[in-house]
Amino acid sequence: KGATEALVAVAAIGGEGGATLSRRFGSSSPTIGYLIKTLLESSTTQRRQFLNFVTSVPIVTPGKIEVVPIVSPTGEFLPVQDNCLPRANTCARRLYLPKFESYEKFSAVLRAVIREESRFKGFYEWRGN
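Notes on the structure follow. (Residues numbered from 1 in each chain as written. Predicted model: local features only at pLDDT ≥ 70, side-chain atom pairs only at ≥ 80, totals over all residues. Heavy atoms only, no water.)

The number of helices and strands found in the chain is four helices and four strands. For the chain, the α and β elements follow one another from N to C terminus as α-β-α-α-β-β-β-α. Expressed as a percentage of its 129 residues, the buried residues of the chain come to 42%. Excluding contacts between residues fewer than 6 apart, the proportion of contacts in the chain whose partners are at least 24 apart in sequence is 64%. (Helix = DSSP H or I, 4+ residues; strand = E, 2+ residues; numbered from the N terminus. Buried < 20%, exposed > 50% of the residue type's maximum accessible area, 1.4 Å probe, protein only. Contact = heavy atoms within 4.5 Å.)

Next up on the list: the pairing of strand β2 (residues 65–69). Each regular strand displays side chains that alternate between the two surfaces of the sheet. For β2, the tally of buried residues reaches five of five residues, placing the bulk of the element in the interior. Residues I65, V67 and P69 of β2 are buried on one face, and the alternating residues E66 and V68, pointing to the opposite face, are buried as well. Both β2 and strand β4 (residues 94–97) contribute to a ladder of four bridges, which runs parallel. If you follow P69 over to β4, its bridge partner there is L97. (Pairing = 2+ DSSP bridges.)

Quick look at the pattern of salt bridges now. For the structure shown, the criterion picks out three salt bridges. The shortest N-O distance in the salt bridge between R94 and E66 comes to 3.1 Å. Here R94 is found in strand β4, whereas its partner E66 is found in strand β2, with 28 residues between them in sequence. Among the salt bridges present, the one from R115 reaches E116, with a minimum N-O distance of 3.7 Å. Three or more residues are tied together by salt bridges with common partners; here these are R115, E116 and R119. (Salt bridge = Lys/Arg side-chain N within 4 Å of Asp/Glu carboxyl O.)

Scope: geometric values only; no functional claims are made or implied.
Here it is in structure tokens:
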């Protein structure tokens, strides 16, 4: 059951976006690969925390999750740092991700952010390790 749930969550990633969001991840983007790998390797509880983080509902629901790069005003893909971390807009089902140099860093940071958000029910400002 857990693997099926992961695949459903992964299949839900996509989205076209609106005119205000000009940049998108392609299906071959390393960041999308990192996200899919993280979800597939996650426990059922971790996948539910991910869904709750992005959609406010801890189960798979109809609709896609849009994954958007965090960019500067000039359109540069911003790297992960203490003031540029993964974040979500639950109403829009949108996950914003900075640039990561490795899967290990991506997985560690995303899991830490989601774990702390789950622990504090979304009212927590994560300050890094």
